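The lines below spell out each chain.
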Amino acid sequence: MAEHAPGAPTAPGAPGTARATGVGGLAAFRIIAAMWIRSTMTYRFSFAMTLLANFVVTFFDFVVILLMFTHVEGLGGFGFAEVAFLYGTTSTAFGLADLALGQVSRIGRRVRDGTLDTLLVRPAPVLAQVAADRFALRRLGRVSQGLFVLVWSLVLLDLDWTVLKVCLVPLMVLSGAGIFGSVMVAGAAFQFWARDAAEVVNSFTYGGNTLLQYPPTIFARELVRGVTFVLPLAFVNWLPALYVLGRPYPVDLPESTAFLPPLVTAVCALAAGACWRAGLRSYRSTGS
Amino acid sequence: MRLYAAVAAGSFRRHATYRVATAAGVFTNTVFGFVLAFTFNALWDERPNLGGYDKPEALTYVWIGQALLATCGLMGGGGFAEELIERIKTGDVAVDLYRPADLQLWWLATDLGRAAFELAGRGIVPMAVGALAFDLALPGASGDLWRWPAFLGSVALGVVVGFAIWFLVSLSAFWLMDGAGVVQVAWLCGLFFSGMLLPLTVFPGALGEVARVLPWASMLQVPADVFLGKYTGWGLAKAYGFQAGWAVVLLAAGRVLQLAARRRVVVQGG
Amino acid sequence: MTDRETDAVSDFIELEDVRKVFDVRRKKGFLRRERHEVRAVDGISFTVPRGEIVGYIGPNGAGKSTTIKMLTGILTPSGGRIRVAGIEPSRERTKLAHRIGVVFGQRTTLWWDLPLIDSYKLAHRMYRIPDARFRENLDRCVELLDLADLLAVPVRQLSLGQRMRGDIAAALLHDPEVLYLDEPTIGLDVVSKARVREFLRDLNATAGTTVLLTTHDLQDIEQLCKRVMVIDHGRLMYDGALAGLHEIGESERTLVVDLERELPPLDITGARVLRVEGPRQWLAFPATASAAPLVTEVASSYPLVDLSVREPDIEAVIAKMYADRAELG
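What counts as what
- Residues numbered from 1 in each chain as written.
- Chains lettered and ligands numbered in written order.
- Predicted model: local features only at pLDDT ≥ 70, side-chain atom pairs only at ≥ 80, totals over all residues.
- Heavy atoms only, no water.
- Helix = DSSP H or I, 4+ residues; strand = E, 2+ residues; numbered from the N terminus.
- Rg over C-alpha atoms; globule rule 2.2 N^0.38 Å.
- Contact = heavy atoms within 4.5 Å.
- Areas by Shrake-Rupley, 256 points an atom, 1.4 Å probe, with all protein chains shown as cover.
- Lys, Arg positive; Asp, Glu negative; His and termini not counted.
- Charge placed at Lys NZ, Arg CZ, Asp CG, Glu CD.
- Salt bridge = Lys/Arg side-chain N within 4 Å of Asp/Glu carboxyl O.
- Buried < 20%, exposed > 50% of the residue type's maximum accessible area, 1.4 Å probe, protein only.
- Axes fitted to C-alpha atoms, helices over the stretch in contact; angles between N-to-C directions.
- Parallel < 35°, antiparallel > 145°, perpendicular 65-115°, else oblique.
- Left-handed = near helix turned anticlockwise from the far one by under 90°.
- Nonpolar A, V, L, I, M, F, W, Y, C, P; charged D, E, K, R; others polar.
- Phe/Tyr/Trp six-rings, centres within 6.5 Å; stacked < 30°, edge-to-face > 60°.
- Lys NZ or Arg CZ within 6 Å of the ring centre and 35° of its normal.
- Pairing = 2+ DSSP bridges.
- Buried area = accessible area lost by both parts, 1.4 Å probe.
- Polar contact = N/O pair within 3.5 Å; in protein donor to acceptor, adjacent residues only side chain to side chain.

### Description of the overall build of chain B
Part 1 of the reasoning: The helix and strand tally for chain B stands at eleven helices and zero strands.
Part 2 of the reasoning: Counted from the first residue to the last, chain B has its helices and strands arranged as α-α-α-α-α-α-α-α-α-α-α.
Part 3 of the reasoning: Over its C-alpha trace chain B gives a radius of gyration of 19 Å, about what one expects of a compact globule, namely 18 Å for 270 residues.
Part 4 of the reasoning: Put simply, of all contacts in chain B between residues at least 6 apart along the chain, 80% involve residues at least 24 apart.
Part 5 of the reasoning: Accessible area for chain B stands at about 10600 Å²; split by element, carbon and sulfur atoms hold 69% of it.
Part 6 of the reasoning: A gap of 8 Å separates the mean positions of the 19 positive and 17 negative side-chain charges of chain B.

Here it is, written out as structure tokens:
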């Protein structure tokens, strides 16, 4: 029998002080995500099949746009390459956000079945634990198809590239992921109060992604204003992308707003973080 | 039969109690409806009469799609798949397999109850909003009124086909580990091949011909065309026959899979 | 400062007038909702010194789980003061997490689809347990909880008893100083229950781990806890030895006797007949008294076929406590 029994304090008097803080959010995410990847990999055939199938079917989304362009030359005055550019930027951003934070939408279910409690007794941020839940590599499918379409559009586009425009492309994708991610987290936090309202978030995430795949010129002006000033989804790609494409934005704004996405992302992330903390606090004070 | 009617009624009532979820669904369907309607609007601006629809018909198609999205189970899991997969993974399904009630009929009854509620609860409001915001081609003239019941009949068949597909998808969890991955594949296939994103009549060439005879066409394309009056007389009967045919084939396939699953449960003991 | 520290050691868990009030909205009619307050925990104070095993019992909805959730930092108390190892649980949840182990009887923390060992590997990394210590603790748990053959088995394939053993091991790998168990034996078979109890006793004896357990099973308490606390309607009704609880509650055990034939109610000193059903009779006697003289008397005076003794259950004990209080005032 081992001399040291589990449960015995390491150093009497000051037990646990050496490891008083938990793992950080990123580390927790990495540890949990790695577990899920390992678990799906244990059944290789099943894993490979679903991964492959997912890669194929995520392309259907873009095939729709291809099919549209078999019938028309342009949509709302935008050609195929330009629409593909919009599609590629928003889809990559959305895919990245979904990869990292898509699972937080399951929080309502966790509250309902009580499994949130088991996360609260672990020494890691709850958000990271929830985000990494059921992490699946197949969700890379969305990112890769977005990137594929983005690269394709860049090849097709005939633009006067400037350093600024070149830098703006990766910047908008990363900021866009941040904006989508913030919406996901804020939406999840909302579920602490309205447990069954998970679907509302979909209209802003999936719905927003679909909206941003098309040029703003085809939508009603009020809708465009709404996603510019109220829920700033337009900063995911519309504003910066239209600057890159050298086209005017249908809502009159100074050109410099094309460079606002990082700032907008920071504000959104702060707001989402505040929502999340408020939600969790509310859960911990009501227990339901 | 009385049992299954009771199950369906119970399921209807259960879904009717999810008020917040229903409101959330209505909101989401309305938002999606608007996004799609604007893209269709732009498309039909460029090509009036694309796919044999004029613009009001194309816009009506969008809102029918939103009304049927939840009803026919075009959205991830069709309302019951996730629950059934969970039961399979936890092994609770063994209990279901040995219940005196038949597994497939039991879930079908549940799903019919759910669909009936969702057609009323989640279909009507987005359709009304769409009609207020856009110029739609709703059957209103006295000569057209038959299209409403004809549409409901087609929707009912579409719901059964949708159920049969999701039942097959769910049972695959007996053999495939990543249930969520299979659900996602089925979901995206459904969205694409039902004509939710773009009417199948717009699909070009061979792709269009294939897409129009796949089962998913029963879940939106056919009911929408019935609603828009594209089928009359013998054509309507053939459209119903197409849907009913897929329903029978897919339900039978589900039956075979169910027997195989039961054998598997017996062998593995759960 | 030094005084406080010694306090923290001797009174490892401290609760002072702790309250938890829930706002419950009940549906009234179609849209109207009625708000009302539920005092799940209504002013509870107690301390538990390091190394004690304490049973925390009470009927469903009494506030047991709410107390555990406040002690583990899941819930924030509405009022009062809680300290566990000198830490305020709700404020320093993650810091506390390293020093406590939690087992929810009806809710596993193990990874459902993965082999049992993977859940332990996760704990290893999540709690940053030093490698050598992890291996040592795991080996010990595997040996004492008989988990060797289960490590490679996906959790979903484990029986309830096996899963509970697995959960207890998972809660102990990081050397917690206190272990909270919420209904650890619920739904387990007799053998599993015995094994779990034996392990907890051993853990407490060798490692000095403080254990606080809620249960419905009076045998858990009898075999494990010297001290028991009874909670009902959010208030502490009793805090002391189990024997004392029987005395206060004047609870009774029941002797069930099967006779050769139907007889009028038996006349036995120190017992009264509760019920007669054909040849079977139920006799109540004080829980503190020994059953032996009764059995002797019955066997010598009546044609006895079989007999058994039934322990009072917690609900009965508490019901009795209530009745007595009502009488008193």
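### Regarding the pattern of salt bridges
Part 1 of the reasoning: If you walk through the whole model with that rule in mind, you get 40 salt bridges over all chains.
Part 2 of the reasoning: Between Arg114 of chain B and Asp111 of chain B there is a salt bridge whose closest N-O contact spans 2.7 Å. On the criterion of helical spacing, the pair formed by Arg114 of chain B and Asp111 of chain B is a turn pair, its members being three residues apart in helix H6 (residues 103-133).
Part 3 of the reasoning: When salt bridges with common partners are traced through the structure, they connect Glu199 of chain A together with Asp111, Arg114, Glu118 and Arg122 of chain B into a single cluster.

### Here's the deal with the side chain of Gln129 of chain A
Part 1 of the reasoning: Within the secondary structure, Gln129 of chain A sits in helix H7 (residues 126-132).
Part 2 of the reasoning: The class for Gln129 of chain A is buried, based on a relative accessible area of 2%.
Part 3 of the reasoning: Look past the residues within four positions of Gln129 of chain A in its chain and what remains in contact with it is Ile32, Leu119, Arg122 and Ala124 of chain A together with Met126 of chain C.

### Observations concerning helix H12 (residues 238-245) of chain A
Each α-helix winds once per 3.6 residues, and so residues spaced three or four apart point in a common direction.
Residue and element names in this part refer to chain A.
Part 1 of the reasoning: Here H12 lies mainly inside the structure; eight of its eight residues are buried.
Part 2 of the reasoning: Looking at H12, one finds that the buried residues are Trp238, Leu239, Pro240, Ala241, Leu242, Tyr243, Val244 and Leu245.
Part 3 of the reasoning: Where the residues of H12 are buried, they touch helix H4 (80-101), helix H9 (163-190), helix H10 (198-212), helix H11 (221-230) and helix H13 (261-286).
Part 4 of the reasoning: Gly246, located one to two residues past H12, shows a positive phi value of around 70 degrees.

### Some remarks on the packing of helix H2 (residues 19-46) of chain B against H6 of chain B
All names here are of chain B.
Part 1 of the reasoning: Taken N-terminus to C-terminus, the directions of H2 and H6 make an angle of 40 degrees; their axes are 9 Å apart at the nearest point. Overall, the two elements H2 and H6 adopt an arrangement that is oblique. By crossing handedness, the relation of H2 to H6 is classed as right-handed. Of the residues in H6, those in contact with Thr22, Gly25, Val26, Asn29, Thr30 and Phe34 of H2 are Phe117, Gly121, Arg122, Val125, Pro126, Val129 and Ala133.
Part 2 of the reasoning: Class assignment of the residues belonging to the contact of H2 with H6 gives a composition of seven nonpolar, five polar and one charged.

### A look at the packing of aromatic side chains
Residue and element names in this part refer to chain A.
Part 1 of the reasoning: According to the stated counting rule, one finds 38 aromatic pairs over all chains in the structure shown.
Part 2 of the reasoning: In this arrangement the basic side chain of Arg139 is found over the ring face of Phe135, its NZ or CZ atom lying 5.8 Å from the centre.
Part 3 of the reasoning: Against the face of Phe78 rests Arg247, its NZ or CZ located 4.3 Å from the ring centre.

### Remarks on the pairing of strand E9 (residues 235-241) of chain C
Residue and element names in this part refer to chain C.
Part 1 of the reasoning: Pairing geometry for strand E8 (residues 227-232) and E9, over six bridges, is antiparallel. Its bridge partner being in E9, Val228 is matched across the sheet by Gly240.
Part 2 of the reasoning: Between E8 and E9, which pair antiparallel in sequence order, lie two residues; one of them, His233, sits at a positive phi of approximately 50 degrees.

### Quick notes on the side chain of Thr58 of chain A
Part 1 of the reasoning: Of note, Thr58 of chain A is situated in helix H2 (residues 44-58).
Part 2 of the reasoning: Beyond its immediate sequence surroundings of up to four residues, Thr58 of chain A is in contact with Tyr87, Gly141, Arg142 and Gln145 of chain A together with Leu188 of chain B.

### Side note on the interface of chain C and chain A
Part 1 of the reasoning: Taken together, the contact pairs 50 residues of chain C with 43 residues of chain A.
Part 2 of the reasoning: Each partner contributes to the roughly 4200 Å² buried at the junction of chain C and chain A, and carbon and sulfur atoms together form 59% of this total.
Part 3 of the reasoning: Here chain C is connected to chain A by three salt bridges.
Part 4 of the reasoning: Here Arg107 of chain C makes a salt bridge to Asp117 of chain A, at a shortest N to O gap of 3.8 Å.
Part 5 of the reasoning: The interface formed by chain C and chain A contains eleven residue pairs in polar contact (both at pLDDT 80 or more).
Part 6 of the reasoning: Secondary structure elements with two or more residues in the side of chain C that touches chain A: strand E1 (13-27), helix H3 (93-97), strand E5 (100-104), helix H4 (116-126), helix H5 (131-144) and helix H7 (190-207) of chain C.
Part 7 of the reasoning: With seven residues, the single largest contributor to the side of chain C that touches chain A is H5 of chain C.

### Topic: the sheet that holds E8 of chain C
Residues and elements named next belong to chain C.
Part 1 of the reasoning: Taking strand neighbours across the sheet as the criterion, the six strands line up as E5-E6-E7-E3-E8-E9 in an open arrangement whose pairing is mixed. Here the strands that pair on one side only, and so sit at the sheet edges, are E5 and E9. Between one strand axis and the next, the sheet turns by 15 degrees as a mean value, whatever way the strands run.
Part 2 of the reasoning: Pairing analysis gives four bridges linking strand E3 (residues 53-57) to E8, with the strands arranged parallel. Along E8, the bridge assignment pairs Gly55 with Val228.
Part 3 of the reasoning: Its contacts with the sheet place helix H2 (residues 64-71) against E3, strand E6 (178-182), strand E7 (210-215) and E8, and it is angled at close to 150 degrees to E7.

Remember, this is a structural readout, not a statement about activity or role.
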